[in-house]
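Residues per chain, in single letters:
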Amino acid sequence: MAHSLDKAAPPNRSGPNQPDLETGEIWQARVDLAACFRMAARYGMEEGICNHFSAVVPGYDDLFLVNPYGYAFGELTASMLLVCDFHGNVISGRGTPEATAFYIHARIHKNIPRARAAFHTHMPYATALSMTEGDPLIFAGQTALKFYGRTAVDRDYNGLALDEREGDRIAAAIGDADIVFMKHHGVMVCAPNIAEAWDDLYYLERACEVQTLALSTGRKVLPVAPNIAEAAYSQMREGDPESARLHLESIKRTLERQEPEFKS
């Protein structure tokens, strides 16, 4: 299902006119992103070698970190992540991105500057709901209210994203939302930083799991009244950035004990 990007990766560049990709802030972004890959694998959010997370390189608005083609999430380390530009060139790292990773993520980061991190998965519960009639998420559970007013639905599935037009179409479907359910495909989470992207991805799948369980009872799922849903979302929003930061720190501590190689 995955496709290699049909573009030769140039050798890593160096010299006075090339970006300095060895700063501490950039390395920290690598470590944070690697932690998200590893923990997503533990939670069953990956699908083979097909899914992808990306983050804009700190200090460089036209470069982004992304996973290399051919590796499962659970294999990835900080140093394995690629730095790519928006034209498909690998600026740093060995290998190439998977084709749909490049065509989706490059266009999202270019077209939606606020999306400093973009996580795309076929995680099972969210993807299952993307295949159902109507809007995927019912705002019936407290966890789901974290996403109240923040979701969009891309209803125009058009096959694999193997050119820039498909990436542009997906970016347009996102609009002002943070989460897009991609009908018959999966989900994309966009966020201002890696921690908030991880936090949203994790809780989105939990909300979808609980909704799926509720629907399986055969009883009607009752949404929360809109005014209460909006109020609850506002309460959550105030603490979300700090909660997301602490959530990411907690998964890094877990991985440091059990899979310390993620930081290498």
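Refer to the structure printed above.
Throughout, a residue's number is its position along its own chain's written sequence, starting from 1. Local features are withheld for residues below a pLDDT of 70 in this predicted model, meaning they are given only at 70 or higher, and side-chain atom pairs are given and counted only at 80 or more; totals for whole chains, interfaces and linings count all residues. Only hydrogens and water are set aside when side-chain values are computed; all heavy atoms of the structure are taken into account.

Draft legend 1. Fine view of the overall build of the protein chain. Secondary structure assignment for the protein chain yields six helices and eight strands. For 264 residues, the compact-globule estimate of 2.2 N^0.38 gives 18 Å, and the C-alpha radius of gyration of the protein chain, at 18 Å, lies within 12% of that figure. Dimensions along the principal axes, computed over C-alpha positions, put the protein chain at roughly 60 × 40 × 30 Å. The buried label applies to any residue whose accessible area, calculated with a 1.4 Å probe on protein chains only, is under 20% of its type's maximum; exposed applies above 50%, and partly exposed to all values in between. Taking all 264 residues of the protein chain together, the buried fraction comes to 49%. Restricting to contacts in the protein chain with at least 6 residues of sequence separation, those with at least 24 account for 71%. Helix and strand definitions follow DSSP, with helices as H or I runs of at least four residues and strands as E runs of at least two, each counted in order from the N terminus. In this setup the radius of gyration rests on C-alpha atoms only. A globule is expected at 2.2 Å times the number of residues raised to 0.38. By definition, residues are in contact when any of their heavy atoms lie within 4.5 Å.

Draft legend 2. Looking closely at the packing of aromatic side chains. Only centres within 6.5 Å qualify two rings of Phe, Tyr or Trp (six-membered ring in Trp) as a pair; their planes then separate them into stacked at under 30 degrees, edge-to-face at over 60, and tilted for everything else. With the rule as written, the count across this model stands at 11 aromatic pairs. In textbook terms, an aromatic cluster arises when at least three aromatic residues are bridged by ring pairs, as seen for F37, F53, F73 and F119.

Draft legend 3. View of the pattern of salt bridges. Salt bridges are identified by distance alone: a Lys or Arg side-chain nitrogen within 4 Å of an Asp or Glu carboxyl oxygen. As enumerated under the stated definition, the model contains 18 salt bridges in all. A salt bridge links E261 to R38; its shortest N-O distance comes to 3.1 Å. On the criterion of sequence distance, the pair formed by E261 in the segment after helix 6 (226-258) and R38 in helix 1 (residues 24-42) is long-range, its members being 223 residues apart. With relative accessibility at 40%, the residue E261 sits in the partly exposed group. Overall, the relative accessible area of 3% leaves R38 in the buried class. For E209, the salt bridge identified is with R206, shortest N-O distance 3.3 Å. One end of the pair is E209 and the other is R206, both in helix 5 (residues 194-216) and three residues apart, which spans about a single turn. We classify E209 as partly exposed; its relative accessible area is 23%. Residues participating in the shared-partner salt-bridge network are R114, K146, R150, D178, D199, D200 and D240.

Draft legend 4. Structural view of the environment of T23. With respect to the element layout, T23 can be found in the segment before helix 1. In the structure, T23 is positioned 194 residues away from T217 in sequence and 52 Å away in space, judged by C-alpha atoms. Throughout this description, a polar contact denotes any pair of N or O atoms lying within 3.5 Å of each other; where both atoms belong to protein, one of them has to be capable of donating a hydrogen while the other can accept it, and for residues adjacent in sequence the pair is counted only when both atoms sit in side chains. For T23, the side chain forms a polar contact with the main-chain nitrogen of I26, separated by 3.2 Å.

Draft legend 5. Examining the nonpolar core more closely. In terms of nonpolar packing, the biggest core is built from 54 residues, with L33, F53, F119, L137, I194, W198 and L204 touching the most fellow members. With 10 residues, the top contributor of residues to this core is helix 1. Discounting residues that sit within four places of it in the chain, L137 has contacts with A144, F147, F181, L204, A207, C208 and Q211. Core analysis: the second largest hydrophobic core is formed by 14 residues, I104, A118, A152 and A177 among them. Residues belong to a common nonpolar core when they are buried Ala, Val, Leu, Ile, Met, Phe, Trp, Tyr or Cys residues joined through side-chain atoms within 4.5 Å.

Draft legend 6. How the structure looks around the side chain of E205. Within the secondary structure, E205 is located in helix 5. Once residues lying within four places of it in the same chain are set aside, the contact partners of E205 are M45, M123, P124, Y125 and A126.

Draft legend 7. Just the sheet that holds strand 2 (residues 63-66), in detail. Within the open sheet, the eight strands sit side by side as 4-3-2-1-5-8-7-6. Their pairing is mixed. With one partner strand each, in any of the chains shown, strand 4 (90-92) and strand 6 (151-154) form the two edges of the open sheet. Averaged over all adjacent pairs, the angle separating strand axes in this sheet is 25°, with direction ignored. Pairing between strands is defined by DSSP: at least two bridges between them are needed. Relative to strand 2, strand 1 (residues 52-56) is paired through three bridges, and the arrangement is antiparallel. Interaxial angle, 0 to 180 degrees, is taken between N-to-C directions of lines fitted to C-alpha atoms, where a helix line uses only the stretch in contact.

Draft legend 8. Local environment of helix 1. Helix length check: helix 1 (19 residues) gives 27 Å between terminal C-alpha atoms against 27 Å at 1.5 Å per residue, within 8%. Taken from the residues just after helix 1, G44 is the one with a positive phi, measuring 70°. To estimate how far a helix should reach, multiply one less than its number of residues by 1.5 Å.

Draft legend 9. Broad picture of the side chain of D240. Summarising the element assignment, D240 is placed in helix 6. Given a relative accessible area of 16%, D240 falls into the buried group. At 3.1 Å, the side chain of D240 and the side chain of K146 are in polar contact.

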